[in-house]
Amino acid sequence: MLRFPKIRALSKPISGPAMSEVELASRPAAGPSARPLLRVDGLQGWYGESHVLHGVSFEVGEGEVVTLLGRNGAGKTTTLKAVMGILSRRSGSVTYDGRETIKLPSRLIAQMGIAYCPEERAIFSSLSVEENLMLPPQVRPGGLTVEQIFELFPNLKERLSSQGTKLSGGEQQMLAIGRILRTGAKLLLLDEPTEGLAPVIVQQIGRTIARLKDEGFTIVLVEQNFHFAALVADRHYVVEQGRVIDTIPNRELDANIDKLHAYLGV
Amino acid sequence: MFELLGIPPQVLFGQLLLGLINGSFYAVLSLGLAVIFGLLNIINFTHGAQYMLGAFGAWMLLNYLGVGYWWAVFIVPPIVGVTGIVLERVMIRRLYHLDHLYGLLLTFGLALIIVGFFRQFFGVSGLPYPPPPLLTGGYNLGFMYLPNSRAWVIVASLIVCLATWFIIEKTRLGAYLRAATENPTMVGAFGINVPLLVTLTYGFGVALAGFAGVLAAPIYAVNPNMGADLIIVVFAVVVIGGMGSILGSILTGFGLGLIEGLTRVFYPEGSAVVIFVIMALVLLVKPAGLFGRSV
């Protein structure tokens, strides 16, 4: 499939640290020894007739934040969609919490506790902000309360009665993330949550992801901005031509920076 | 009493009332079409036949089982709705991934079959449905005589229209429906059973048609062709109001009924075409309809 290169406001490093060094150091570094919550093995995926994923394999331990890095069209978004079960066709193996999901429809995958925040945010224009926030049904106990979500994103509280799509891009992103925190889902699939947002909002999203990790959420993040990814992730998987071609632990990122630049074509 | 442009008030208000009655049917029927089109993207040409099924349902209950009108009002719409659910599950469901045109062809074909079936067994001369005692008689309002049966149709359709609007715009279920109309994939990825929502929505839209049919039974003759005559006008109403707009179809339904009634008073020759003339004008100015969101 042909994808045009997107224009990115934020392909350069974020000016100033998005999080303090202390904040970063205090976060527990989940090792690869953490129990795998999501295990993707030989995942193939198609958009209609075009074969996009050619055997993606990776693992995410419980409580980990991992990123999928790669160029445009490498298959990162498609991988998230395939995990969520919203591709027209997929094969291979995706196990969540030890259970195989490859044959399940997305509705049942969601009910197991996986939630997806798409790149285009998918805020519903015929719903108010409040309705958007309350739309996803609770699938498991233990989600954040609405009060906790307002604590993370105070802007939302003031705009509850607005039409969903009348929000700014940053607020829409907060709403798109906020609404899946209520549901009790433990695994969050976030597709480029910082895309096209102002640096100050990117920092807020970064703090939020760190907070969610502390709360015990497991997160798969698709990012183009690896400077942002480096601040929040435990591990990076490099995706190219529908496969995972390399794994880089975050603490070895500096040593691998040249290799990563080559992968991403920066 | 006063006269308006040489028209006696009894005639004027009588025609306005008639317009309002027609408008009630337009509103309930176009509302069902709008709900179905919004979520299913199917132009439900079977709608007229399903309206006819509602009227025949009431007639059969009365003549075969001795069940009266007031029970029929509650029993028949769900039954007609269930026939819709069966159609959706067995046939219509298979067309969602195809062009609009296929849904139109299927539902049009189904309408022909259903109407043909009833024509075969009941003929086309029309069957009488006696109004229940409560609906005979009426009130003299001073400027006009208001028959109870007419007042009931207007009140009942208003209640059903407002209830439908409330469910869709103000409840959690309605939020699911609106969201699924916009982006069914994402709603499914939240764990909501979209195929079930689609089936129930179709059943609900069809039940609305059945409800209109029950209301029509004591007023018009119960006739296999009753839906085919009405549905053409209702499609014009839907086009004027804007495909898929809930409030739009209610307001346009009642409004156009009134306009039709007025035309019958002042220019009777034009009453049969006035809605289509309005449709043409609206399409020239606002192709998405008065309340439709342009895509």
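Residues numbered from 1 in each chain as written. Chains lettered and ligands numbered in written order. Predicted model: local features only at pLDDT ≥ 70, side-chain atom pairs only at ≥ 80, totals over all residues. Heavy atoms only, no water.

Novice: I'd like a description of the overall build of chain B, backed by residues and values.
Specialist: Counting secondary structure elements, chain B contains 11 helices and 2 strands. When the helices and strands of chain B are placed in sequence order, the string is α-α-α-α-β-β-α-α-α-α-α-α-α. Based on the C-alpha atoms only, the size of chain B along its principal axes is roughly 65 × 50 × 35 Å. Burial analysis of chain B (295 residues in total) assigns 53% to the buried set. Put simply, of all contacts in chain B between residues at least 6 apart along the chain, 78% involve residues at least 24 apart. Total accessible area on chain B stands at roughly 13,300 Å², and carbon and sulfur atoms take up 73% of it. Taken together, the 11 basic and 8 acidic charged side chains of chain B have centroids lying 12 Å from each other. (Helix = DSSP H or I, 4+ residues; strand = E, 2+ residues; numbered from the N terminus. Buried < 20%, exposed > 50% of the residue type's maximum accessible area, 1.4 Å probe, protein only. Contact = heavy atoms within 4.5 Å. Areas by Shrake-Rupley, 256 points an atom, 1.4 Å probe, with all protein chains shown as cover. Lys, Arg positive; Asp, Glu negative; His and termini not counted. Charge placed at Lys NZ, Arg CZ, Asp CG, Glu CD.)

Novice: Describe a nonpolar patch on the surface, with residues and values.
Specialist: Residues and elements named next belong to chain B. A surface patch of nonpolar side chains, amounting to about 520 Å² of accessible area, comprises Val273, Val277, Leu281, Leu284 and Val285. Relative to the elements of secondary structure, Leu284 occurs in helix 11 (residues 274–285). Of the residues examined, Leu284 reaches a relative accessible area of 70% and is grouped as exposed. (Patch = residues over 30% accessible without salt bridge, like charges linked within 9 Å, V, L, I, M, F, W, Y side chains within 5 Å. Salt bridge = Lys/Arg side-chain N within 4 Å of Asp/Glu carboxyl O.)

Novice: Give me the sheet that holds strand 5 (residues 99–100) of chain A: which residues, what numbers.
Specialist: Residue and element names in this part refer to chain A. The sheet built from 4 strands is open, its strands ordered 2-1-4-5 with antiparallel pairing. Whereas interior strands pair on both sides, the edge strands pair on one side only; in this sheet they are strand 2 (50–61) and strand 5. As paired elements, strand 1 (residues 36–47) and strand 4 (residues 89–96) share 7 bridges and run antiparallel to each other. When the bridges of strand 4 are listed, Gly45 appears paired with Arg90. Packing against the sheet, helix 2 (residues 76–84) makes contact with strand 1, strand 2 and strand 4, and its axis sits at approximately 110° to strand 1. (Pairing = 2+ DSSP bridges. Axes fitted to C-alpha atoms, helices over the stretch in contact; angles between N-to-C directions.)

Novice: Tell me what's going on with the pairing of strand 10 (residues 243–249) of chain A, and back it up with residues and numbers.
Specialist: Residue and element names in this part refer to chain A. In the sheet, strand 9 (residues 235–240) pairs with strand 10 via 6 bridges, with the strands oriented antiparallel. Residue pairing across strands places Val238 opposite Asp246, the latter belonging to strand 10. Hairpin connection, strand 9 to strand 10: the antiparallel pair is bridged by 2 residues, and Gln241 has positive phi, about 45°.

Novice: Give me the lowdown on the interface of chain B and chain A, citing residues and values where you can.
Specialist: The interface of chain B with chain A comprises 18 residues on the first partner and 22 residues on the second. Taken together, both faces of the contact between chain B and chain A bury some 1,700 Å²; the carbon and sulfur share is 61%. Three residues stand out in chain B for area buried against chain A, namely B:Glu182, B:Met186 and B:Phe190, and they jointly supply 34% of the buried area on that side. Applying the counting rule to chain B against chain A returns 1 salt bridge. Taken together, the connections running from chain B to chain A amount to 7 residue pairs in polar contact (both at pLDDT 80 or more). Among the elements of the structure, helix 6 (172–182) and helix 7 (184–189) of chain B are those that each provide at least two residues to the side of chain B that touches chain A. Per-element accounting of the side of chain B that touches chain A gives the leading share, 6 residues, to helix 6 of chain B. Looking at the side of chain B that touches chain A residue by residue, the class counts come to 8 nonpolar, 5 polar and 5 charged. (Buried area = accessible area lost by both parts, 1.4 Å probe. Polar contact = N/O pair within 3.5 Å; in protein donor to acceptor, adjacent residues only side chain to side chain. Nonpolar A, V, L, I, M, F, W, Y, C, P; charged D, E, K, R; others polar.)

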